[in-house]
Amino acid sequence: MNREIIFKAKRKDNGEWVEGLPGYDINGNITELEVYKKIGDCRIYEVNPDTICQFTGLTDKNGKKIWENDILKAHLDADYPEDTTYTRILWNETGFCTNENHSRDIETFGKWDAEHFEVCGNIFENADLLEVEG
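One structure accompanies this document, and this report is about it.

## Description of the packing of aromatic side chains
If you walk through the whole model with that rule in mind, you get three aromatic pairs. Ring centres 5.4 Å apart and planes at 50° place the aromatic pair Phe55 and Trp67 in the tilted group. With Phe55 in strand β5 (residues 53-59) and Trp67 in strand β6 (residues 65-67), this residue pair connects regions lying twelve residues apart in the sequence. Each member of the pair, Phe55 as well as Trp67, is classed as buried.

## A closer look at the pairing of strand β1 (residues 7-10)
Pairing between β1 and strand β2 (residues 17-24): four bridges, direction antiparallel. Looking at β2, one finds that Phe7 is bridged to Gly20. Between β1 and β2, which pair antiparallel in sequence order, lie six residues; one of them, Gly15, sits at a positive phi of approximately 75°. Summarising the sheet, β1 and β5 pair through two bridges and their orientation is antiparallel. Within the sheet, the bridge partner assigned to Lys8 lies in β5 and is Cys53.

Thresholds applied
- Residues numbered from 1 in each chain as written.
- Predicted model: local features only at pLDDT ≥ 70, side-chain atom pairs only at ≥ 80, totals over all residues.
- Heavy atoms only, no water.
- Phe/Tyr/Trp six-rings, centres within 6.5 Å; stacked < 30°, edge-to-face > 60°.
- Helix = DSSP H or I, 4+ residues; strand = E, 2+ residues; numbered from the N terminus.
- Buried < 20%, exposed > 50% of the residue type's maximum accessible area, 1.4 Å probe, protein only.
- Pairing = 2+ DSSP bridges.

Right, here's the structure in full:
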């Protein structure tokens, strides 16, 4: 399996999202990301640990990367195209999962989801999307 393992988080200095490889502190916590813009050009940014998200390895129906803590939406019922389903991407002991809005159920996240849903935000900047009734 050839899968890109990267993380994203918000920089502490300006709140900008950056993607890169994790840098760990002495306790094994991710505290920074090493960002490679091009070969030989590495920048290290201190990040807010509360915003760290891992790339799922999948992209949504529009080709956008899907990250842990993203909020996805879809219109899954052809009979009711006005109904929108919202779900959150999360990690648990079995891997990446989804938690549909207003449900306690946790479902396995996979290629089918990626092909039918699109990223519409994340829990840090768009938590209000999870409060919307589908």
